[in-house]
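Here is how the chains run, residue by residue.
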Amino acid sequence: MLLCAVEQNEPADRRLVDDDLAELFLPAPLRWLATATRATVLRRALVGASERTGPGLWANLVCRKRFVGDKLAEALPDIDAVVILGAGLDTRAYLLTRQIRKPVFEVDLPVNIARKARTVRKVLGELPLSVRLVGLDFQRDDLLTSLAEHGYRTDYRVFFIWEGVTQYLTEDAVRTTLEGLRPTAPGSRMVFSYVRRDFIDGTNRYGSPTLYRSVRGRRQLWHFGLLPEEVGGFLEEYGWRLVEQVGPDELVERYVRPTGRNLPASQIEWSAYAEKV
């Protein structure tokens, strides 16, 4: 969300994503940082610092959000609800309430959901009626049961957003989540991002040794990965058909190049779009 907030300080024709709530949802120190980057020199310095940690991650993180937004916009006429898995401080549900009144379920750990509720009330005054905050632990709790307690129905055609989450889960937790979504109505959609398995296992660090040490060395923060050629078969096991998959080259061509900016994208993370059959 910090990256999205900083992007708002780019001229409109150079901006990779539009989100006028991003800065407001940030905690105070990060909000101050985002404000400081209205100065071009500080904005360039922040992007440069992120590139030293993980070359190409700035473009990846911002462009995956743009990709999710594009797919959701295309699907809106054909869906009944939106479920955001691992919502964090994401603003998408609240941007959506300006367009539609379909239910949006934000799912995350209870501590994160409590923080989200405080943030929304601080920024917007109250929680929109169409947004439901659902606290659960992906490692232990049953997803559909938790959603049903907040008004979710299995006959909904749902758009699931699983952005920047799967790498933090074990393979068992990823599979359990997909198994739990098996009853989802045909015609539902899902966008999710994943980290390449060859980065997770250290076979290829893609020029990002600092990032690798951070998420796989000192602390085992990332656990799960896939290879692009495996994604279709993996989803098929749970009744989903892979519709589209985008890697860094496509992200740059689709979103970065039209702005005239010179931002590479990392090979580490990819995004996929699927439909329930």
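Located above this text is the structure these notes cover.
Residues numbered from 1 in each chain as written. Predicted model: local features only at pLDDT ≥ 70, side-chain atom pairs only at ≥ 80, totals over all residues. Heavy atoms only, no water.

Draft legend 1. The overall build of the protein chain, seen in detail. Across its full length, the protein chain carries 13 helices and seven strands. Summarising its shape, the C-alpha atoms of the protein chain cover approximately 50 × 45 × 35 Å along the three principal directions. Counting over 277 residues, the protein chain shows a buried share of 55%. Taking all contacts inside the protein chain whose residues are at least 6 apart in sequence as the whole, residues at least 24 apart take part in 73%. Carbon and sulfur atoms make up 52% of the accessible area of the protein chain, which totals about 12,400 Å². In the protein chain, 39 positive and 37 negative side-chain charges are present, and the distance between their average locations comes to 6 Å. (Helix = DSSP H or I, 4+ residues; strand = E, 2+ residues; numbered from the N terminus. Buried < 20%, exposed > 50% of the residue type's maximum accessible area, 1.4 Å probe, protein only. Contact = heavy atoms within 4.5 Å. Areas by Shrake-Rupley, 256 points an atom, 1.4 Å probe, with all protein chains shown as cover. Lys, Arg positive; Asp, Glu negative; His and termini not counted. Charge placed at Lys NZ, Arg CZ, Asp CG, Glu CD.)

Draft legend 2. Just the environment of Arg43, in detail. Residue position: Arg43 is located in helix H4 (residues 40-53). The spatial distance from the C-alpha of Arg43 to the C-alpha of Lys102 is 36 Å, given a sequence separation of 59 residues. Ignoring anything within four residues of it in the chain, the contact list for Arg43 reads Val6, Asn9, Glu10, Pro11, Thr37 and Arg38.

Draft legend 3. Geometry of the packing of aromatic side chains. All told, the structure shown has 12 aromatic pairs when counted by the stated rule. Relative to Trp240, the ring of Phe160 lies with its centre 6.2 Å away and its plane at 80°, an arrangement referred to as edge-to-face. With Phe160 in strand E4 (residues 158-162) and Trp240 in strand E6 (residues 240-246), this residue pair connects regions lying 80 residues apart in the sequence. Just as Phe160 is buried, Trp240 falls in that class too. Taking the centre distance of 5.4 Å and the plane angle of 85° together, the rings of Phe199 and Tyr212 count as edge-to-face. In this pair, Phe199 is assigned in helix H10 (residues 197-200) and Tyr212 in helix H11 (residues 209-217), connecting sequence segments 13 residues apart. Just as Phe199 is buried, Tyr212 falls in that class too. (Phe/Tyr/Trp six-rings, centres within 6.5 Å; stacked < 30°, edge-to-face > 60°.)

Draft legend 4. Expanded view of the sheet that holds strand E3 (residues 131-135). Taken in spatial order, the seven strands line up as E3-E2-E1-E4-E5-E7-E6 in an open sheet, and their pairing is mixed. The open sheet terminates on both sides in strands that have one partner only, identified here as E3 and E6. For this sheet, the mean angle separating the axes of adjacent strands, direction not counted, is 20°. The pairing of strand E1 (residues 81-85) with E4 spans four bridges and is classified as parallel. Residue pairing in the sheet places Val82 in a bridge with Phe159 of E4. The strands touched by helix H13 (residues 248-256) are E6 and strand E7 (269-276); relative to E6, the strand with the most contacts, the crossing angle is about 65°. (Pairing = 2+ DSSP bridges. Axes fitted to C-alpha atoms, helices over the stretch in contact; angles between N-to-C directions.)

Draft legend 5. How the structure looks around the side chain of Lys116. Mapped onto the secondary structure, Lys116 falls in helix H7 (residues 110-124). Look past the residues within four positions of Lys116 in its chain and what remains in contact with it is Phe25, Ala87, Gly88, Leu89, Asp90, Tyr94, Glu106 and Leu133.

Draft legend 6. Spatial organisation of the side chain of Glu23. Note that Glu23 resides in helix H2 (residues 22-25). A distance of 2.8 Å separates the side chain of Glu23 from the side chain of Thr35, its partner in a polar contact. In this structure, Glu23 is in contact with Ala5, Arg31, Ala34, Thr35 and Arg38, ignoring residues within four places of it in sequence. (Polar contact = N/O pair within 3.5 Å; in protein donor to acceptor, adjacent residues only side chain to side chain.)

Draft legend 7. Summary view of a positive patch on the surface. Where like charges cluster on the molecular surface, the positive patch consists of Arg205, Arg213, Arg218 and Arg219. Relative to the helices and strands, Arg219 resides in the loop between H11 and helix H12 (231-236). (Patch = residues over 30% accessible without salt bridge, like charges linked within 9 Å, V, L, I, M, F, W, Y side chains within 5 Å. Salt bridge = Lys/Arg side-chain N within 4 Å of Asp/Glu carboxyl O.)

Draft legend 8. Quick peek at H7. The first and last C-alpha atoms of H7 sit 21 Å apart over 15 residues, in line with the 21 Å expected at 1.5 Å per residue. Of all the residues in H7, the buried ones are Ile113, Lys116, Ala117, Thr119 and Val120. The inward-facing, buried residues of H7 abut H2, helix H6 (92-96), strand E2 (104-108) and E3. Positive phi appears at Gly125, one or two residues downstream of H7, with a value of about 95°. (Expected span 1.5 Å × (residues − 1).)

Draft legend 9. Examining the nonpolar core more closely. Trp58, Leu72, Val82, Tyr94 and Phe159 are the most contacted members of the largest nonpolar core, which has 49 residues in total. Residue contributions to this core peak at eight residues, all from helix H5 (residues 57-75). Counting residues in hydrophobic clusters, the runner-up holds 35 residues, among them Leu178, Leu235, Tyr238 and Ala272. (Core = buried A, V, L, I, M, F, W, Y, C linked by side-chain atoms within 4.5 Å.)

Draft legend 10. Representation of the pairing of E3 in the model. Note that E2 and E3 share five bridges and pair parallel. Note that in E3 the partner of Val107 across the bridge is Val134. Following the chain from E2 across H7 to the adjacent parallel E3, one finds a crossover that is right-handed. (Right-handed = clockwise from strand over helix to strand, strands pointing away.)

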